[in-house]
Amino acid sequence: MDHQYALFFDIDGTLVSFKTHQIPPSTILALTQAKANGARIYISTGRPYYILNNLKPIEHLIDGYITTNGAHCFVGKRTVRRVPIAPADVDLILNDCRQNDDACLVCTESRMVPFNSKECIARIFEHDLAVTNIDYDTPLDVAMEEPVYQLSAFFDAHHESLLMPQVPHCVSGRWHPEFTDITHCDADKGKGLIAMAEAEGIDMNHTIAFGDGGNDMSIILKAGTGIAMGNAIPELKAVATYVTTSVDDDGILLALRHYGII
């Protein structure tokens, strides 16, 4: 491989360690070298942009963002893709959460607001994922005056399988056993990759995607090269082009060396 490649990175469990909540030094070094060698670097995350609070060491290296699982993609101030959930589908999903007493995080254009807030939100998002800016103060009806890009609903995979057929215009991307990220069916990381490649003039064969969870499946399959982290779920490893070591064991550094990017 030459060095003119576009690299797409999931955040949690890929760029950022679940153990330390930080980007390992070897990953910072690897991305710095890749950028110096001519590679372009993009984020591909289930997080909305306003809770990307763990990328500071590499922010200056990033060329663009696929956020909320492909529902909102942009380069600088230029919007590449924007795919909100239809209001009727938002209402159906939230009504289901209400009836089953499940929590949900509603991700709009500018904020993340809890619906039926429970301890799982603080335990997973604030403690495990180190998210510090969930908006507990803005009323939900005010927040939902903006487009809703994603609903992070706290129910298990079985309930997910029962609900999703009721919202055929939506898709579920689960990367955590306790919740799933629901977006419009035209929004997933793979579709975000295609849109970003078209907007940026990138050859799809020259795209390399890194991930570890279920919501990375689409981008791993669409990219020219799909790399699963050593800590990835088995289903992702099974479809990846290459499986590297874990985020905590220099996985990104070793993969970029393996493919001659650095």
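Look above for the structure.
Model, not experiment: these values are computed from the prediction.

**Q** What should I look at first to understand helix α2 (residues 87-99) in this one?
**A** Each turn of an α-helix holds 3.6 residues, which means side chains three or four residues apart point in the same direction. Taking 1.5 Å of rise per residue, the 13 residues of α2 would be expected to cover 18 Å, and the 18 Å separating its terminal C-alpha atoms lies within 8% of that figure. Taken as a whole, α2 has its buried residues at D89, V90, I93, L94, D96 and C97. The buried residues of α2 occupy one face: seen down the axis, they fall within an arc of 150 degrees. Along α2, the residues that are exposed and aim more than 90 degrees away from the buried face are P87, A88 and Q99. Where α2 terminates, the next one or two residues include D101, which has phi positive at roughly 55 degrees.

**Q** What am I meant to see in helix α1 (residues 25-36) here?
**A** Over its twelve residues, α1 extends 17 Å from the first C-alpha to the last, a length consistent with the 16 Å expected when each residue adds 1.5 Å. G38, located one to two residues past α1, shows a positive phi value of around 105 degrees.

**Q** Whenever I open this one, unusual backbone geometry confuses me. Can you help?
**A** Not every positive phi belongs to a glycine, and N69 is a case in point at roughly 55 degrees. Mapped onto the fold, N69 is located in the loop between β3 (64-67) and β4 (72-75). For D101, which is not a glycine, the phi torsion comes out positive at approximately 55 degrees. Note on placement: D101 falls in the loop between α2 and β6 (104-108). Residue class for D101 comes out partly exposed when judged on its relative accessible area of 44%.

**Q** In this structure, what is going on with the side chain of D96? I would like to understand it.
**A** By the element assignment, D96 lies in helix α2. Although buried, D96 forms no salt bridge, and the nearest oppositely charged side chain, R98, lies 10 Å from it. Within the structure, D96 has its side chain in polar contact with the side chain of H159 (distance 2.7 Å). Discounting residues that sit within four places of it in the chain, D96 has contacts with F155, H159 and L163.

Here is what the cut-offs are and how they apply
- Residues numbered from 1 in each chain as written.
- Predicted model: local features only at pLDDT ≥ 70, side-chain atom pairs only at ≥ 80, totals over all residues.
- Heavy atoms only, no water.
- Helix = DSSP H or I, 4+ residues; strand = E, 2+ residues; numbered from the N terminus.
- Expected span 1.5 Å × (residues − 1).
- Buried < 20%, exposed > 50% of the residue type's maximum accessible area, 1.4 Å probe, protein only.
- Arc of directions from axis to C-beta.
- Lys, Arg positive; Asp, Glu negative; His and termini not counted.
- Salt bridge = Lys/Arg side-chain N within 4 Å of Asp/Glu carboxyl O.
- Polar contact = N/O pair within 3.5 Å; in protein donor to acceptor, adjacent residues only side chain to side chain.
- Contact = heavy atoms within 4.5 Å.

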